[in-house]
Amino acid sequence: MEKEVTLNETVLSVRGLTKKFGNLEVLRGLDLDIRDGEQIAIIGPSGCGKSTFLRCLNCMEDPTSGSILFDGEDIADMKVDINKHREHIGMVFQQFNLFNNKTVIENIMLAPVYVGVRDLKAKKRKNFFTKLLNVFRKEKKALLPIETTEAQIKAAAKEKAEALLHRIGLEEKANVYPSTLSGGQKQRIAIIRALAMNPKVILFDEPTSALDPEMVGEVLDLMKQLAREGMTMIIVTHEMGFAREVADRVLFIDEGQIKEQGSPEELFKNPKDERLKEFLSKVL
């Protein structure tokens, strides 16, 4: 049965996106709107630009030209503070990218604590200078409210990390190091690490490609659960069954272009592009 899509507001809007590495043009003018709560699967042959496109969406790769609108700002603009926007765009990699010198719970807490403490210190600095300048002002400026402490930020991050570990049934792994985990456990930890920042969008770059076959199911089950909860997800994948089951929309990318897109029902059962037909004949 084809999945019904409720049309919500656009979260990401991509226009004319290109990416060149020297003379090699990897992405060639991609246009795409991604709506809140939508799950998009990106398929295509190796080397077609899928992962490069994904990495451009949070500017891990700087686009050569084009725009990427997120929260009303063009995050492809070099003048924009991309790190502020990355706080709301999670990323899950093929190779997990956990820090091996930190425990599981420390990995999950790292980003929320860093951002929380950074913002707290920024407020304190601003208040310090406001107080200093208020000495010379007739009309005193109000100080920014500070409603938390560094200890409270760490405690809240730990509480959330514990809740996320409980959600995936790995609470007993909180204080172990990633080297002791299976591939499937590492990838599930990587996913909840992204969730710890309360992202608006999560990007998945072939999240099961580095896993042994028997571990793929546990990762896909977690992603299916996120999809049911309405998380906006953009997933580069070779798992056609997963794309068919979970995605609201499937994009076929080849030679740096979106050659065809549509619902899984349309794209898998009635492909129109000849290159897509050839690709599906080899993978289905």
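### Points about the overall build of the protein
A tally of regular secondary structure across the protein gives nine helices and 10 strands. C-alpha atoms of the protein, sized along the principal axes, occupy 75 × 45 × 40 Å. Looking at the 284 residues of the protein, the share that counts as buried comes to 48%. Excluding contacts between residues fewer than 6 apart, the proportion of contacts in the protein whose partners are at least 24 apart in sequence is 68%. Here the protein has roughly 14900 Å² of accessible surface; of this, 50% comes from carbon and sulfur atoms. Mean positive and mean negative side-chain charge positions of the protein (42 and 43 charges, respectively) differ by 8 Å.

### Let's talk about helix H3 (residues 104-134)
Counted at 1.5 Å a residue, the expected span for H3 with its 31 residues is 45 Å, and the 46 Å between its end C-alpha atoms agrees. Of all the bends found along H3, the most pronounced is centred on Leu110 and spans about 40°, while Pro112, a proline, follows it within four residues.

### Details of the nonpolar core
Across soluble globular proteins, nonpolar side chains show a tendency to be buried alongside one another. Ile108, Leu165, Ile189, Ile191, Ile192, Phe204 and Met223 are the most contacted members of the largest nonpolar core, which totals 42 residues. Of all the elements in the fold, those that place two or more residues in this core are H3, helix H4 (150-167), helix H5 (183-195), strand S7 (201-205), helix H6 (213-228), strand S8 (232-236) and helix H7 (240-246). In terms of residue count, H6 provides more of this core than any other element does, eight residues in total. Discounting chain neighbours no more than four positions away, the residues touching Leu165 are Val104, Ile108, Leu170, Glu171, Ala174, Ile189 and Ile192.

### Section: the packing of aromatic side chains
Counting across every chain of the model gives two aromatic pairs. Between the aromatic rings of Phe128 and Phe129, the centroid separation amounts to 5.2 Å while the plane-to-plane angle is 80°, which identifies the pairing as edge-to-face. For Phe129, a relative accessible area of 47% puts it in the partly exposed group. For the pair Phe252 and Phe279, a centre-to-centre distance of 5.5 Å together with 40° between the ring planes defines the contact as tilted. One end of the pair, Phe252, is in strand S9 (residues 249-254); the other, Phe279, is in helix H9 (residues 274-283), with 27 residues separating them in the sequence. Side by side, Phe252 and Phe279 carry an identical accessibility label, which is buried. For the cation-ring pair, Lys19 lies above Phe21, with the distance from its terminal atom to the ring centre recorded as 4.9 Å.

### What to know about the environment of Lys140
In this fold, Lys140 is placed in the loop between H3 and H4. Between the C-alpha atom of Lys140 and that of Leu27, which follows or precedes it by 113 residues, the distance is 53 Å. Sequence-distant contacts of Lys140, defined by excluding residues within four places in its chain, comprise Asn134 and Val135. A polar contact of 2.7 Å, which involves the side chain of Lys140, links it to the backbone oxygen of Arg137.

### Remarks on the packing of H4 against H5
Two numbers describe how H4 lies on H5: the axes approach to 10 Å, and their chain directions differ by 140°. As judged from the angle between their axes, H4 and H5 are oblique. Here H4 and H5 pass one another in a crossing that is right-handed. Counted together, Lys160, Leu164, Leu165 and Arg167 of H4 and Ile189, Ile192 and Leu195 of H5 form the full contact between these two elements. Split into classes, the residues belonging to the contact of H4 with H5 amount to five nonpolar, no polar and two charged.

Quick notes on the rules
- Residues numbered from 1 in each chain as written.
- Predicted model: local features only at pLDDT ≥ 70, side-chain atom pairs only at ≥ 80, totals over all residues.
- Heavy atoms only, no water.
- Helix = DSSP H or I, 4+ residues; strand = E, 2+ residues; numbered from the N terminus.
- Buried < 20%, exposed > 50% of the residue type's maximum accessible area, 1.4 Å probe, protein only.
- Contact = heavy atoms within 4.5 Å.
- Areas by Shrake-Rupley, 256 points an atom, 1.4 Å probe, with all protein chains shown as cover.
- Lys, Arg positive; Asp, Glu negative; His and termini not counted.
- Charge placed at Lys NZ, Arg CZ, Asp CG, Glu CD.
- Expected span 1.5 Å × (residues − 1).
- Bend = angle between axes of the 7 residues up to and from the residue.
- Core = buried A, V, L, I, M, F, W, Y, C linked by side-chain atoms within 4.5 Å.
- Phe/Tyr/Trp six-rings, centres within 6.5 Å; stacked < 30°, edge-to-face > 60°.
- Lys NZ or Arg CZ within 6 Å of the ring centre and 35° of its normal.
- Polar contact = N/O pair within 3.5 Å; in protein donor to acceptor, adjacent residues only side chain to side chain.
- Axes fitted to C-alpha atoms, helices over the stretch in contact; angles between N-to-C directions.
- Parallel < 35°, antiparallel > 145°, perpendicular 65-115°, else oblique.
- Left-handed = near helix turned anticlockwise from the far one by under 90°.
- Nonpolar A, V, L, I, M, F, W, Y, C, P; charged D, E, K, R; others polar.

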